[in-house]
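Fold and geometry: a report
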Amino acid sequence: MPSIHSAAFRRLWARHDVRGNVHGTTLFQHPGVGGITLDWHTYPLPGTPGPVLLVFTAEPGTADADRLQVLASLHATRDAAIGSAPRRAG
């Protein structure tokens, strides 16, 4: 349990400073894989006005999750190609 090992966690937990999150669903159109419907949630971070953590997820086992995995693979492949490309002197 985190509270046993972390004094900071215990302090934050004791404050009961819980703010509601905002959530929804968004359809993204990507030229490589088509439409991807993702659920999103915002989680407030400390600070006033505070920043938020924005998290997008796809329902596991769906076509949207598969498309998201394809995008991750395309991104990794592109990054690997860029990283191994010869650099020109500037």
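What comes next is a walk through the structure. Since the model is a prediction, treat every value here as computed from it, not as a measurement.

Helix and strand counts for the protein chain stand at 3 helices and 3 strands. Starting at the N terminus, the α and β elements of the protein chain follow one another as α-α-β-β-β-α. Here the protein chain, with 90 residues, has 8% of them falling under the buried criterion. When contacts within the protein chain are restricted to residue pairs at least 6 apart in sequence, those whose partners lie at least 24 apart make up 24%. For the protein chain, the exposed area adds up to about 7,400 Å²; of that, 62% sits on carbon and sulfur atoms.

As judged from the 9 bridges shared by strand β1 (residues 22–30) and strand β2 (residues 34–44), these two strands associate in the antiparallel manner. Residue pairing in the sheet places His30 in a bridge with Gly34 of β2. Turn length for the β1-β2 hairpin, with the two strands adjacent in sequence and antiparallel, is 3 residues. When β2 meets strand β3 (residues 52–57), the two strands line up antiparallel, connected through 6 bridges. Opposite Thr42, over in β3, you have Leu54 as the bridge partner.

Moving on: the nonpolar core. Among the nonpolar cores identified, the biggest contains 5 residues, and these are Val33, Ile36, Leu38, Ala58 and Ala65. For Ala58, the contacting residues outside a window of four places in its chain are Leu38, Asp64, Ala65 and Leu68.

Time to look at a nonpolar patch on the surface. A cluster of nonpolar residues, Phe28, Leu54 and Phe56, forms a patch on the protein surface that exposes about 260 Å² of accessible area. Looking at the element boundaries, Phe28 is found in strand β1.

The strand order across the open sheet built from 3 strands is β1-β2-β3, with neighbouring strands paired in antiparallel fashion. At either margin of the open sheet sits one strand with a lone partner, and together these are β1 and β3. Each strand axis lies, on average, 30° off the axis of its neighbour in the sheet, ignoring direction.

Of note, His30 is situated in strand β1. The class for His30 is partly exposed, based on a relative accessible area of 32%. A sequence separation of 37 residues divides His30 from Arg67, and the C-alpha atoms of the two residues are 9.7 Å apart.

Criteria and cut-off values
- Residues numbered from 1 in each chain as written.
- Predicted model: local features only at pLDDT ≥ 70, side-chain atom pairs only at ≥ 80, totals over all residues.
- Heavy atoms only, no water.
- Helix = DSSP H or I, 4+ residues; strand = E, 2+ residues; numbered from the N terminus.
- Buried < 20%, exposed > 50% of the residue type's maximum accessible area, 1.4 Å probe, protein only.
- Contact = heavy atoms within 4.5 Å.
- Areas by Shrake-Rupley, 256 points an atom, 1.4 Å probe, with all protein chains shown as cover.
- Pairing = 2+ DSSP bridges.
- Core = buried A, V, L, I, M, F, W, Y, C linked by side-chain atoms within 4.5 Å.
- Patch = residues over 30% accessible without salt bridge, like charges linked within 9 Å, V, L, I, M, F, W, Y side chains within 5 Å.
- Salt bridge = Lys/Arg side-chain N within 4 Å of Asp/Glu carboxyl O.
- Axes fitted to C-alpha atoms, helices over the stretch in contact; angles between N-to-C directions.

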